[in-house]
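Chain by chain, the residues:
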Amino acid sequence: MATTSKTKNNTLKLKFDTSWNYAPAPESKSIAAIKDKYDLFINGAFVKSSSKKHFKTINPANEEVLSEVADANATDVDKAVKAARTAYDKVWKKMSGKERGKYIYRIARMVQERAREFAVIETLDGGKPIRESRDFDVPTAANHFFYYAGWADKLEYAFPNRKAEPIGVAGQIIPWNFPLLMAAWKIAPALATGNTVVLKPAETTPLTALKLAEIIQEADLPPGVVNIITGAGATGAALVNHPGVDKIAFTGSTDVGKIIQRAIAGTNKKATLELGGKAANIIFEDAPLDQAVEGVINGIFFNQGHVCCAGSRLYVQESVYKTVLRKLKDRIETLIVGDPLDKNTDIGAINSKQQLETIHKYIKIGQQEGAEMHQSSCALPGKGFFCRPTLFTNVAQSSRIAQEEIFGPVLTIQTFRTEDEVIEKANNTPYGLSAGVWTDKGSKIFNMTTKMRAGVVWANTFNKFDPTSPFGGYKESGYGREGGLHGLSAYVNLI
Ligand code: NAP
Ligand code: MG
């Protein structure tokens, strides 16, 4: 609850009574039908892995095992790629766009119909707040299928005066931060353009991709058009190195992106790589400050900071620095960290123990580098992997917390005086995925967007996504674009 008091210079100050708690509002788990064991989805059927090995996927909010999932090795990858090749040659590339579109629409509608189940499973398996999986991940995933279903019979309009031919078999590898949404980003444009797919979800979040496999089976998609194989990095590497794969679509870390680039060098394989980020969020003195602060909070604490385009570096114009910092400190004190299934929760669980350790490592580095840390005083649950929202001030541009991707709820705050100075600072990282600008002045927005080396620049908002807009990076954030028309062109050869 907020109360007000007068400060020395007689302005009103908002004070938050943090002892005031919301009554718990947990979403029921009962809708989530999770099997004890999952096999691989190859050629339209769930089949055992050749090693017969399974690995556990846990709920990071309480460390309980949710299910055991088959571990695909190179033999299984080979089976999946061969199934995709046969489906491509015999069925999918010959099918008319109109017919392909019908299947994709069907998948879109089925994702929508089972939205609640998907949202609960996404939250259980990955730790993200139910509000996000319910209001963002699942609807946006369905929208991607709808959007690309619409293009399937209109490729001649997408690429006027050219003939768009599919590339063949796409090997798709996705991370754990948006498991269902990343699967939709990858599968929908590939199918719309006539390619077939072998998709590997991340080891810690395989469940919604496997649910999607069930839907794909129910939708009667011809066997082999989409294959979903689970496993860890080695499974991904086997897919990348398989000679039967024509295109790699990868979303993940810059380190693995570089490994993939080396692995496919000298082959005919095409690739799109969506990699890490270190986005700058920039507040000018003429910005609507409350709105900007809310945008910054959303930009870095949304999904625990597990967002490649998270606004992890904040630059504030000197004249408003004190005000912005006070507002940010007040605001993080009100953020609710805890049970991801609770509809009040703002910050859920960190995806894995390993990721929590990485975040803690960076928090320590920040302190050792001489930056000043401020954390929310909230209590953390006794079990599971959680991290308090954390701010760092007095940060040097060269410090590791300002240069390296942390992928957690940690924000560095620096100041600037002029536009040129902040452009220089914002561009001074190896990454270039996204950025944000907060100002009342349109000309400043145009100046900034043209000079910032970032694939997406949001103005007076942050982390907004739409299937119709392209997304992708500069520099070490990767190459190629997903979403919109650009996303289609990554899956076709134009003749
Ligand atoms: P990661 O370690 O690179 O893993 C990504 C995927 O690649 C996972 O499925 C992983 O399997 C697999 N993989 C690991 N080693 C591999 C190898 N040698 N060959 C082929 N595949 C391999 O990244 P992450 O930690 O899961 O995800 C976080 C990263 O993704 C961050 O850097 C973030 O910025 C980036 N990201 C980028 C975007 C974007 O659009 N640019 C979007 C989301 C996330 P396992 O998980 O089973 O090990
Ligand atoms: Mg999990």
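Residues numbered from 1 in each chain as written. Chains lettered and ligands numbered in written order. Predicted model: local features only at pLDDT ≥ 70, side-chain atom pairs only at ≥ 80, totals over all residues. Heavy atoms only, no water.

Counting secondary structure elements, the protein contains 16 helices and 22 strands. A compact globule built from 495 residues should have a C-alpha radius of gyration of about 23 Å, and the protein, at 23 Å, falls within 12% of that. Dimensions along the principal axes, computed over C-alpha positions, put the protein at roughly 75 × 50 × 40 Å. Within the protein, buried positions represent 58% of all 495 residues. Intrachain contacts of the protein at a sequence separation of at least 6 include 74% that bridge at least 24 residues. For the protein, the accessible surface area stands at approximately 20,000 Å², while carbon and sulfur atoms represent 51% of it. (Helix = DSSP H or I, 4+ residues; strand = E, 2+ residues; numbered from the N terminus. Rg over C-alpha atoms; globule rule 2.2 N^0.38 Å. Buried < 20%, exposed > 50% of the residue type's maximum accessible area, 1.4 Å probe, protein only. Contact = heavy atoms within 4.5 Å. Areas by Shrake-Rupley, 256 points an atom, 1.4 Å probe, with all protein chains shown as cover.)

Let us now look at unusual backbone geometry. The residue Glu63 is not glycine, and still its phi comes out positive at about 65°. In this fold, Glu63 is placed in the loop between strand S6 (54–59) and strand S7 (64–70). Residue Glu63 is classed as partly exposed on the basis of its relative accessible area, which comes to 38%.

Contact geometry for helix H1 (residues 74–92) and helix H8 (residues 233–241): axes closest at 9 Å, N-to-C directions at 45°. In terms of orientation, H1 and H8 fall into the oblique class. As H1 packs across H8, the resulting crossing turns out to be right-handed. Of H8, the residues touching H1 (which contributes Ala74, Val77 and Val81) are Thr235, Ala238 and Leu239. Classifying every residue of the contact of H1 with H8 gives five nonpolar, one polar and no charged. (Axes fitted to C-alpha atoms, helices over the stretch in contact; angles between N-to-C directions. Parallel < 35°, antiparallel > 145°, perpendicular 65-115°, else oblique. Left-handed = near helix turned anticlockwise from the far one by under 90°. Nonpolar A, V, L, I, M, F, W, Y, C, P; charged D, E, K, R; others polar.)

What follows concerns the domain arrangement of the protein. A common way to state how big an interface is: give the accessible area lost once the parts meet. In terms of domain boundaries, the protein breaks down into domain 1 (37–275 + 477–494) and domain 2 (280–466). Placing a centre on the C-alpha atoms of domain 1 and another on those of domain 2 gives a separation of 30 Å. In this complex, domain 1 contributes 28 residues to the contact, which on the side of domain 2 involves 30 residues. With both chains or domains summed, domain 1 and domain 2 bury close to 2,500 Å², and 60% of this area falls on carbon and sulfur atoms. (Domains from an automatic or database assignment. Buried area = accessible area lost by both parts, 1.4 Å probe.)

Donor atoms from the polypeptide that coordinate the magnesium ion (ligand 2) comprise Thr57 (OG1), Ile58 (O), Asp125 (O), Asp125 (OD) and Thr204 (O), at 2.2 to 2.6 Å from the metal. Under the relative-accessibility criterion, Thr57 is labelled buried at 1%. Under the relative-accessibility criterion, Ile58 is labelled partly exposed at 28%. (Donors = N, O, S within 2.8 Å, 3.2 Å for Na, K, Ca; no water.)

Within the largest apolar cluster, 108 residues are counted, with the highest numbers of intra-cluster contacts made by Ile107, Leu191, Ile283 and Leu328. The element contributing the most residues to this core is helix H6 (residues 179–192), with 11 residues. There are two domains that each give this core at least three residues, and those are domain 1 (37–275 + 477–494) and domain 2 (280–466). Non-local contacts of Leu328, meaning those with residues more than four positions away in its chain, are made with Val293, Val296, Ile297, Leu314, Leu391, Leu411 and Ile413. (Core = buried A, V, L, I, M, F, W, Y, C linked by side-chain atoms within 4.5 Å.)

Counting through the fold element by element, Glu482 comes out in the loop between strand S21 (478–479) and helix H16 (484–489). Non-local contacts of Glu482, meaning those with residues more than four positions away in its chain, are made with Trp185, Lys186, Thr251, Glu274, Ser469, Pro470, Phe471 and Gly487.

Moving on, we get to helix H3 (residues 115–126). For H3, with 12 residues, the first-to-last C-alpha span of 16 Å sits near the 16 Å given by 1.5 Å per residue. Buried residues dominate H3, accounting for 10 of its 12 residues. For H3, the full list of buried residues reads Glu117, Phe118, Ala119, Val120, Ile121, Glu122, Thr123, Leu124, Asp125 and Gly126. Taken from the residues just after H3, Gly127 is the one with a positive phi, measuring 95°. (Expected span 1.5 Å × (residues − 1).)

Turning to the site of ligand 1, a few remarks are in order. Taken together, 28 residues lie around ligand 1, and Ile174, Ser253, Leu275, Cys308 and Glu405 are the ones closest in. A distance of 3.0 Å separates an oxygen atom of ligand 1 from a polar side-chain atom of Trp176. Per-element tally for the shell around ligand 1: the top contributor is H8, with three residues. Across the shell around ligand 1, the residue classes break down as 15 nonpolar, nine polar and four charged. (Near = heavy atom within 4 Å. Polar contact = N/O pair within 3.5 Å; in protein donor to acceptor, adjacent residues only side chain to side chain.)

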